[in-house]
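Letter by letter, the chains look like this.
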Amino acid sequence: MRYILLFLIINYTLQAQTNVSDGDRDTSLLRIDFGLNFDYHYVWSNTKGQLGATQDVLYKNVAHELISFTVPDVQIILKDKLGISTGFYFLSGSSDSKKIEEFYQSTEKTYYTQLANADYAGGRSPVRGDYNFSTFKLGALGFFRTYRNLVLIPSINYLMNIESRYPEFEIRYKEPGSNYMFTRTFYAEHVSCKGGNANLRAMLYFNSFGGKKNVGGAIIGFNIGYSYLKSSAEVRYKDKDIYNIETISPSTKVNKDFSSIYIGFILGVTFHRNPSH
Amino acid sequence: MIKYIFIFLFTLGLISCSKYKNIEYHFSNLTVNHLDNSAAETTVSTADSLNSKAYGIRLNLYPIIDKETSESFSAEKSQVINTNTITSIYITSSDSFDVNLPPGACLNKRFIYYKNVYNTFDTIGCSSGIRPTLYYSHNYEEKRVPDYIDILLMNPPKNHKTHRFKITLNLTDGTQFTDSTSSIKLY
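From a predicted model like this one, the values you see are computed outputs, not experimental measurements.

It is worth spelling out the state of the cysteines at this point. Residues and elements named next belong to chain B. For the structure shown, the criterion picks out 1 disulfide over all chains. The residue that forms a disulfide with cysteine 106 is cysteine 126, at a sulfur-sulfur distance of 2.1 Å. The sign of the -105° torsion about the S-S bond sets the cysteine 106-cysteine 126 disulfide as left-handed. In this pair, cysteine 106 sits in the loop between β8 (86–93) and β9 (111–114) while cysteine 126 sits in the loop between β10 (121–123) and α2 (140–143), placing the two residues 20 residues apart along the sequence. Judged by relative accessible area, which is 17%, cysteine 106 ranks as buried.

This is the structure in structure tokens:
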């Protein structure tokens with residue numbers, strides 16, 4: 001678990017039927033908002049699966065730089081108080097190679113081992129030690145004017161898998177008293193994910209510039225939410241020895257769930273046509 | 001506007017002109033030692049008998065740097081050029097390995113060029129060379145040029161005989177280096 005500071009860019013579009021800052025009602029009003037959302041994320045993960053000790057340390061171990069973000073985050077008001085929310089949600093995290101290396105040094109007694117990305121200079125590692133999930137976000141939102149210029153926008157979203165990746169590790173073994181060596185590559189197949197997201201935004205609109213017909217203003221907002229991503233994969237390993245003989249292990253199902261709570265603020269600008277013109 | 005474009009292009013030019021140190025070197029000699037690879041890393045051995053399953057030979061190459069530019073060295077971007085690359089290597093033994101490999105026969109296929117990271121190696125053909133690299137070395141940023149090659153015996157002889165391995169290297173500049181190990185009993 002780790003605290004992460006996150007930048008979330010919002011491409012925020014509203015076709016509002018209620019003129020927020022003037023309080024008038026005008027069905028022809030088109031409002032477009034753009035802004036930046038700065039969120040502070042707290043992400044943690046949980047792993048399930050009948051893994052052996054070796055795979056356990058490889059896949060349960062996500063300690064560094066868990067990060068999640070949505071870009072662009074698009075919200076469109078279709079009806080008076082209802083709309084759709086969409087965008088792309090990403091989550092990634094890297095494995096703690098130091099922990100993995102320590103595990104091998106302390107538990108592997110039969111062979112000498114090297115973690116492929118531990119001994120290489122220049123970062124030329126054949127190992128991808130990171131998790132990456134790309135999802136498409138689609139959901140519904142509400143648009144509620146509460147007090148003067150204050151608007152509350154709750155939303156619930158479904159996260160659909162676009163591309164998911166589990167890390168790959170390569171452990172190299174050498175037999176004591178022999179020149180015999182082999183490489184064990186741990187990898188994942190059929191990786192996918194899905195999840196959900198609940199978000200609440202509170203926005204204050206200020207009209208501050210513009211002419212009679214087109215009006216612009218500033219937005220200050222507050223954002224809070226929770227995202228859950230459930231991923232699944234089949235992990236296995238492949239041994240390749242110094243004579244190029246390959247052996248592939250049976251697969252094991254792994255579920256890895258990620259949760260993220262976040263809180264942040266929004267700064268933006270708003271443009272809309274003045275309904276009286 | 002033109003001024004800013006000019007400044008941008010000038011900055012871009014400065015960046016693209018950034019150079020890294022280039023090094024040219026050549027190998028100047030060859031000496032060979034027995035290697036014991038029974039532990040985690042290869043070690044030079046002076047023993048008169050070694051386990052054949054963990055046996056290897058170290059080829060010391062004595063590199064001499066001929067040219068070195070003054071820029072900073074980058075392990076990623078600097079060019080390190082060997083001016084007398086090894087075009088062929090020939091490994092023989094004073095005693096037979098088996099009935100098909102009498103004394104003096106090419107033993108290259110019984111060895112691999114080991115890069116000192118587990119399971120990273122090149123096979124050695126009887127008419128092909130070796131390109132020594134520091135790519136996998138722990139300290140290649142400091143060493144900059146390779147100074148030895150480790151070859152490991154992968155298919156040891158079945159008999160427990162005493163061998164004296166002879167290594168011959170032919171290089172692109174016409175140089176030929178030859179050296180032999182001391183006698184070693186492989187068990």
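Residues with a pLDDT of 70 or more make up 85% of chain B, whose mean pLDDT is 85. Confidence scores differ between elements of chain B, with helix α1 (residues 2–16) of chain B showing the lowest mean pLDDT of 57 and strand β2 (residues 31–36) of chain B the highest of 97.

Let us look at unusual backbone geometry. Residues and elements named next belong to chain A. Despite not being glycine, histidine 190 has its phi angle at roughly 50°, a positive value. Mapped onto the fold, histidine 190 is located in strand β11 (residues 181–210). On the basis of relative accessible area, histidine 190 is assigned to the exposed category, the value being 60%. The residue asparagine 244 is not glycine, and still its phi comes out positive at about 65°. In this structure asparagine 244 comes out as exposed when scored by relative accessible area, which is 51%.

About the criteria used
- Residues numbered from 1 in each chain as written.
- Chains lettered and ligands numbered in written order.
- Predicted model: local features only at pLDDT ≥ 70, side-chain atom pairs only at ≥ 80, totals over all residues.
- Heavy atoms only, no water.
- Disulfide = S-S within 2.5 Å.
- Helix = DSSP H or I, 4+ residues; strand = E, 2+ residues; numbered from the N terminus.
- Buried < 20%, exposed > 50% of the residue type's maximum accessible area, 1.4 Å probe, protein only.
- pLDDT = per-residue confidence, 0-100.

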